[in-house]
Amino acid sequence: MTTTEDAKAPACPICGKPAVPEFKPFCSKRCADVDLQRWLSGRYAIPGREDDALGQGSLGEDDGSRED
């Protein structure tokens, strides 16, 4: 059976164990490091707009659409 304290604790996104305040939202330093490694290796990625991938709209580039 779970206590009310266990029910309130969110699950670690890596292993599913209850989160520990010191490493929140993770349960341990190990799980926090696993998550960091996934971000640094590119396993996690935030999708961008399609024109960002093509290099359009970059700062400092003139696309010729403005008239001076």
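**Points about the environment of Trp39**
Inspection of the secondary structure puts Trp39 in helix α2 (residues 29-41). Owing to a relative accessible area of 42%, Trp39 belongs among the partly exposed residues under this scheme. The contact partners of Trp39, leaving out residues within four places of it in the chain, are Tyr44, Ala45 and Ile46.

**Digging into the confidence of the model for the chain**
For the chain, per-residue confidence averages 80 on the pLDDT scale, and residues scoring 70 or more make up 62% of the total. Across the chain, α2 holds the top mean pLDDT of 97, while helix α1 (residues 4-8) sits lowest at 57.

**What about the side chain of Asp35?**
Inspection of the secondary structure assignment puts Asp35 in helix α2. The residues touching Asp35, leaving out its near neighbours within four places in the chain, are Ile14, Phe26 and Tyr44.

**Focus on the side chain of Arg38**
Here Arg38 lies in helix α2. Of the polar contacts made by the side chain of Arg38, one reaches the side chain of Tyr44; its length is 3.3 Å. The contact partners of Arg38, leaving out residues within four places of it in the chain, are Ile14, Arg43 and Tyr44.

**Digging into the packing of aromatic side chains**
Taken as a whole and judged by the stated rule, the model has 1 aromatic pair. For the ring pair Trp39 and Tyr44, a centre distance of 5.2 Å and an interplane angle of 70° mean the geometry is edge-to-face. A relative accessible area of 28% means that Tyr44 is categorised as partly exposed.

**Side note on the pattern of salt bridges**
Here the structure, examined in full by the defined rule, presents 1 salt bridge. With a shortest N-O distance of 3.0 Å, Lys29 and Asp33 are connected by a salt bridge. Taken together, the residues Lys29 and Asp33, both in helix α2 and 4 residues apart, mark about one turn of the helix. Take Asp33: its relative accessible area is 35%, and that puts it in the partly exposed class.

Reading the values: rules and limits
- Residues numbered from 1 in each chain as written.
- Predicted model: local features only at pLDDT ≥ 70, side-chain atom pairs only at ≥ 80, totals over all residues.
- Heavy atoms only, no water.
- Helix = DSSP H or I, 4+ residues; strand = E, 2+ residues; numbered from the N terminus.
- Buried < 20%, exposed > 50% of the residue type's maximum accessible area, 1.4 Å probe, protein only.
- Contact = heavy atoms within 4.5 Å.
- pLDDT = per-residue confidence, 0-100.
- Polar contact = N/O pair within 3.5 Å; in protein donor to acceptor, adjacent residues only side chain to side chain.
- Phe/Tyr/Trp six-rings, centres within 6.5 Å; stacked < 30°, edge-to-face > 60°.
- Salt bridge = Lys/Arg side-chain N within 4 Å of Asp/Glu carboxyl O.

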